[in-house]
Amino acid sequence: MEVLVHHYAPLVAIFLPILSSFFIPIIGRFHSKLGAYFATIILLITMGTSVMLLPIVLDCECLHLIYPWAEGINLQFEIYADALSVCMLLLTSFLCLLAAVYSIHYMAQKEGGARYYSLFLLLSGSMMGVFLSGNLLQFFMFLELTTISCFLLILHYQTTAALKSAYKYFIMIHLGALCLLTAIGTIYVNVGELSMASLGKLLSNVNGEWLTAAMALTFVGFGIESAVVPLHVWLPDAHSNAPCPVSAILSGLMVKIGIYGLIRFFYGIYGFPYAWGSTIIILGALTAFIGVICALVQTDAKRLIAYHTVSQLGYMIMAFGTGTTLGLAACLTHLANHTFFKALLFFVVGAVIYKTGTKDMDRLGGLRKYMPVTFICGLVASMAIAGIPPLNGFFSKGMTTQAVFEVSPVMSSIAIIVGVMTLLSFTKLLYMIFWREKSLETDKRMSMKRRIPASMKVPMIALATCCVGFGLFAHQYLEKIISPIINGLNLEGELYLPSIFMPSPLTSLSYVGIVFAGVVWLKRQRIIAIMSHKPFSALHHCFKEELGIDAAYSRLAKSVVSVFERGRSIMSGHLRDYVAYLAALLFVLFLYIALLRGFQWTF
Amino acid sequence: MILILLIIIPLLAAILNVVIGKSSKKARCAVSMASTLVLIILASKVFKTTIGGDIITYEIGNWKPPIGINLVADSLSALMVLLISCIGFLCILYSISYMRPHRGVPAYDSLLMFSITGMIGTVLTGDLFNMFVFLEVMFIAAYPLVGFFGGVEEMEASFKYVVLSTIASVMFLLGIGLVYSATGTLNMAHIAEITGARGGGLLDFALILLLIGLGLVSAIVPLHVWLPDAHPAAPTPISALLSGVTVKVGLYGMIRIIYTMFGFQAVPIGMIIIVLGVATIIIGAGFALVQTDIKRFLAYSTISQVGYITLALGIGTQSGIEGAVFHILNHALMKSLLFLTVGCVIYKIGTRDMSKMGGLLKQMPLEAAAFLVGGLAIAGIPPLNGFFSKLLIYLACFEAGYLIPLAIAIFVSLLTLAYYLRAFWMIFLGKNNIDLKKGRVPLSMLIPVIVLAIACLLIGVLPDIGLSITERISEQILARWMYIEKVLGGAIA
Amino acid sequence: MSLPYLASLALFSIGLYCILVKRDLFKVIYGICLMEFSINLFLVSLGFVTGGEVPISPTGTIVVDPLPQAMVLTAIVIEFATTVFLISVAIRLFKQYEDTDISKMRRLRG
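Residue numbers here run from 1 along each chain, matching the order of that chain's written sequence. Chains and ligands are labelled sequentially in the order written, the chains with letters from A and the ligands with numbers from 1. Local features in this predicted model are restricted to residues whose pLDDT is 70 or higher, and side-chain atom pairs enter the listing and the counts only when it is 80 or higher, whereas totals over whole chains, interfaces and linings include all residues. To get the side-chain values, take all heavy atoms of the structure and skip hydrogens and water.

**Student:** Can you tell me about the pairing of strand β2 (residues 75-81) of chain A, naming the residues and giving the values?
**Tutor:** Residue and element names in this part refer to chain A. Burial classes: relative accessible area under 20% of the type maximum marks a residue as buried, over 50% as exposed, and values in between as partly exposed (1.4 Å probe, protein chains only). The way it works is that DSSP assigns letters per residue, a run of H or I at least four long becomes a helix, a run of E at least two long becomes a strand, and they are numbered from the N terminus. By the criterion of burial, β2 is predominantly enclosed, with 6 of the 7 residues buried. Two strands form a pair only when DSSP identifies at least two bridges running between them. Examined bridge by bridge, strand β1 (residues 63-70) and β2 share 7 bridges and lie antiparallel to one another. Across the sheet, the residue bridging to isoleucine 66 is glutamate 78, located in β2. Between the antiparallel neighbours β1 and β2 lie 4 residues, among them asparagine 74 with a positive phi of about 60°.

What follows is the structure, encoded as structure tokens:
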């Protein structure tokens with residue numbers, strides 16, 4: 001049994017979903033929901049395999065399986081499973097399963113169900129592949145596979161906005177992937193090896209410009225994947241226009257691939273570049289800050305949550321940038337916690353959309369009476385993301401702040417400010433959707449819709465339980481899961497967990513934040529009035545326009561296209577021009593040869 | 001013996017098609033299909049022999065080289081023959097339904113077989129002048145095929161195509177003349193032996209002239225000007241054949257001439273080819289980005305991909321050749337797939353204008369998937385076949401230290417993705433505002449599409465299929481002396 | 001350089017000039033023909049040997065190289081086919097445009 005798990009569980013986790021994705025279009029023909037159930041069962045099996053793998057790797061035992069693949073370029077199919085991979089695997093299969101269950105009813109009334117589930121399985125399988133890859137090129141290939149399937153899932157509704165954001169998503173992520181590919185190519189050309197297991201040793205005492213270039217390219221590549229400002233512009237569009245379960249996967253898992261990749265590459269392969277630490281922390285702080293101020297001004301609920309993903313990713317980048325053991329632990333803890341509460345938030349908004357048909361917060365209100373379970377889940381998630389004890393977000397944020405504080409106290413204050421703004425922003429979300437008395441518009445729409453089905457409630461409750469559970473049992477979590485991961489990455493060190501009652505300056509600062517947010521909540525009418533004045537409305541506009549970053553990208557794209565648009569005149573349609581090109585080429589090449597030979601040749 | 005059969009069979013089929021003429025449409029199809037099937041079998045046999053490192057030769061009329069004309073099949077030729085016959089077969093199968101409204105014209109089948117004859121002859125011949133003749137056979141069969149529909153645009157495209165390729169042929173012939181006057185022989189192996197001893201002089205100019213002749217066939221910038229006119233004008237199966245295989249014949253010729261006949265080091269040609277290749281990559285991709293005619297768009301994409309192959313050939317290392325040959329193989333599959341898929345769309349909605357299309361995903365899911373497979377493969381996205389060949393090309397650039405061409409090549413692959421996604425969007429996504437013309441797309445059109453899509457996916461997932469082949473081929477290309485020895489067979493000491 | 005080479009160079013240049021400058025469809029075709037002839041002339045002159053004989057059962061040792069002549073014969077046949085096709089296309093173009101000005105035939109561009 002043990003051997004069976006060792007050898008086949010990783011393969012099953014990757015290839016069962018991928019291969020069964022091809023059967024869904026066939027199965028879906030018989031009954032519309034059959035595809036959904038099939039996908040759920042497959043993901044259940046997948047989750048089972050990752051649960052079986054967990055005890056093996058938590059004893060700090062790595063699985064390293066090698067299969068022959070492409071001998072021509074010296075490439076093997078390698079599976080490398082340490083504690084980090086398997087924990088990511090478990091997280092992935094768990095969330096994918098929940099999202100699949102959630103989709104059963106959520107996606108039922110829309111057409112293209114077979115396509116949806118097929119791509120969904122492809123996406124989950126390829127994510128597993130990313131986390132289990134023991135080889136850089138294989139990692140890259142699975143990464144691209146996730147991108148393709150995500151692209152197709154984002155454009156699922158085929159509205160113009162969805163299409164545009166999917167297009168942007170693919171192009172930007174592919175740009176990142178190409179950076180990564182170049183980095184991988186640099187390593188391959190210089191070292192001739194692509195296996196993660198041996199690269200760490202090979203590169204440990206290598207120095208050179210190419211290594212720096214490879215590291216920079218890797219950072220940019222994963223930076224796009226994990227939406228580091230100013231490379232984040234794809235994220236708000238893609239996450240807000242995808243179907244809600246897909247948004248949950250995108251925000252909960254896909255962007256984490258970037259963080260996972262950073263950890264794998266920088267800790268496992270290159271060795272952490274301490275010289276870059278402060279730059280990375282500043283970038284992270286910038287990401288957290290810009291994400292949260294843009295989130296504050298949104299009225300589209302999904303877009304608001306999407307901007308918070310940017311902001312929370314900023315925390316992870318900051319924690320990653322410290323380069324300390326505590327920082328890494330904070331990064332990993334926040335990564336997992338963020339998956340729970342962010343997915344939950346998207347599920348909650350999905351339920352609201354399911355019920356009312358809109359995600360525009362201006363048109364919503366008073367829903368807490370009609371959907372109490374959803375409201376409570378939303379409350380838990382909002383509190384978790386805002387870092388209110390004793391929910392899980394509090395601990396990971398506290399760890400992050402502490403880790404950053406040890407390296408750069410100034411930046412840690414930004415982390416706290418961002419925490420306060422996060423709290424404000426979620427207060428706004430809950431207030432506008434669930435609390436305020438504004439029900440006329442929603443009442444009419446609601447009569448058209450059914451109750452929220454159990455298949456949507458169960459995933460939400462499960463995630464809310466996780467948010468609470470990982471908060472209450474944070475110590476055990478840190479000890480049992482995070483420590484083995486850290487040890488697996490060959491890092492030693494003390495792990496610090498903020499306690500609710502610990503009299504540290506940081507925790508007390510978070511309490512100040514909470515109090516501040518409370519004051520804002522009480523004086524909300526006044527503040528709303530002040531905010532509509534001119535300097536604030538101008539700022540508001542500016543944030544809503546994303547500080548022009550997005551516009552700069554589209555200008556760049558347009559200018560590239562216009563260059564070629566103008567260049568089309570060389571294909572004039574005149575035959576004589578074409579012949580002239582030929583003659584000119586002949587002349588130039590003859591001249592080149594003649595110059596090269598110095599006009600001296602023998603006949 | 002088998003080599004001459006490879007040329008005679010399609011030639012006989014072409015003549016037979018003329019004889020059958022209007023009497024039976026079905027018989028013409030049957031003849032074409034049967035002959036290409038036999039070709040596939042024979043070609044795979046040749047391929048199996050040559051991939052082991054052997055070179056098959058055949059002396060026509062038993063005249064020993066270098067006096068007589070001989071046919072030579074090394075592994076590269078064998079691969080090309082196999083590609084030509086396989087894609088030719090699929091295109092003929094596709095034509096059965098696609099060309100049904102035009103079945104009354106018997107010339108179509110015959111010309112198709114003639115052009116296949118020309119292509120196979122070009123890649124099998126061991127004689128430079130013979131290569132010219134077969135190229136002309138291919139051209140003369142392709143001209144009327146381009147103008148087949150006989151409209152104004154088709155005639156215009158055909159006229160430009162003929163004028164430009166005639167000029168290029170003239171250059172090629174002049175190059176042959178120069179080679180002959182410098183070496184006194186036309187046998188490629190013999191020329192190789194002589195140029196190995198002494199280069200320079202007239203041979204430099206001869207090389208340039210030969211490359212211009214072949215560069216036009218394979219549409220290297222600025223000789224690409226005919227391609228965006230000619231490929232869209234042709235009936236879609238012919239476009240697939242032209243884009244998929246015919247331009248590759250030109251590239252084959254370039255490999256033969258640069259690597260076998262002259263030797264890469266003989267003339268400092270590498271830099272020229274790299275510069276032209278990079279220009280081709282950029283111009284093809286950039287113009288593809290702004291097209292609205294779906295077939296013109298694919299034609300520009302072909303140009304861009306030819307640029308990649310050219311770039312790889314200009315590097316001159318073994319990994320460069322490997323990447324080039326692999327990309328030749330892959331691009332033949334991908335581009336035929338795309339043209340045939342687009343043919344299905346055109347068949348169904350009767351227009352080539354992408355701005356009039358949209359929302360076809362629901363009606364044509366299979367075609368959408370095939371288009372996506374082809375497009376992503378060309379953009380070099382794993383796990384599809386284009387990824388590995390592009391990867392080899394990048395690595396070859398990297399190893400040789402050509403960093404600027406590398407950066408451009410990588411950037412353009414992003415552009416490639418952008419234009420394929422744009423096309424995918426314009427054709428298959430969004431709102432549907434067109435009336436579908438006919439009923440279902442017939443099975444004889446879908447089978448080639450499915451076969452090619454599976455081939456793209458298969459080579460992508462198991463790249464060793466292609467890698468092992470291309471490795472052997474590149475070794476054989478670089479082993480010039482082996483080629484000379486095997487072909488001349490001790491006829492000349 | 002001997003006369004035939006110069007003549008073929010001149011022919012080639014005239015042909016190229018013709019294609020580049022002339023707008024008439026048929027003059028373009030003449031230009032092409034001139035270029036082809038120039039190459040044929042060049043090839044034939046390559047095989048010429050002063051005082052050479054016909055290579056079929058020669059009496060002396062000096063013979064004309066027969067291979068270029070064979071090449072030219074083949075090339076002429078090919079050129080004939082091409083020219084015929086060009087003219088037929090030109091006639092159809094003329095019928096459709098009712099004009100032989102090639103600079104007006106540029107529907108395909110960009």
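This is not the end of the story, as more comes after the structure.
**Student:** Lay out the environment of leucine 217 of chain A with the relevant residues and their values.
**Tutor:** Residue and element names in this part refer to chain A. Among the structural elements, leucine 217 can be located in helix α9 (residues 209-225). Taking the C-alpha atoms as reference, leucine 217 lies 28 Å from serine 562; in sequence the two are 345 residues apart. Between two residues, a contact is recorded if the distance between any of their heavy atoms is within 4.5 Å. Once you skip the residues sitting within four places of it in the chain, leucine 217 turns out to touch Cys179, Leu180, Thr182 and Ala183.

**Student:** Give a description of the interface of chain C and chain B that names residues and reports values.
**Tutor:** Facing the 38 residues of chain C at the interface are 35 residues of chain B. By buried area we mean how much accessible surface two parts lose on assembly, using a 1.4 Å probe and totalling the loss over both. Here chain C and chain B share an interface that buries about 3,100 Å² over both sides, 80% of which is from carbon and sulfur atoms. A per-residue breakdown of the area chain C buries against chain B is headed by Met71, Phe85 and Leu108 of chain C, which together make up 21% of the total. The salt bridge definition used is simple: a Lys or Arg side-chain nitrogen within 4 Å of an Asp or Glu carboxyl oxygen. Scanning the region where chain C abuts chain B turns up 0 salt bridges. Pairs of N or O atoms within 3.5 Å make up the polar contacts considered here, provided that, within protein, one atom can donate a hydrogen while the other can accept it, and that residues adjacent in sequence are counted only when both atoms are side-chain atoms. Inspection of the chain C/chain B interface yields 5 residue pairs in polar contact (both at pLDDT 80 or more). Among the elements that make up the side of chain C that touches chain B, the one with the highest residue count is helix α3 (residues 67-97) of chain C (17 residues). Residues are grouped as follows: nonpolar covers Ala, Val, Leu, Ile, Met, Phe, Trp, Tyr, Cys and Pro; charged covers Asp, Glu, Lys and Arg; every other residue, Gly included, is treated as polar. In terms of residue class, the side of chain C that touches chain B is made up of 26 nonpolar, 5 polar and 7 charged.

**Student:** Would you mind going over the interface of chain A and chain B in detail, with residue names and values included?
**Tutor:** Each partner contributes to the interface: chain A provides 58 residues, whereas chain B provides 72 residues. Taken together, the two surfaces of chain A and chain B that pack against each other cover about 5,800 Å², and 83% of this comes from carbon and sulfur. Interface area lost by chain A to chain B is led by Phe564, Met571 and Leu582 of chain A, which between them contribute 11%. Our count for the contact surface shared by chain A and chain B stands at 0 salt bridges.

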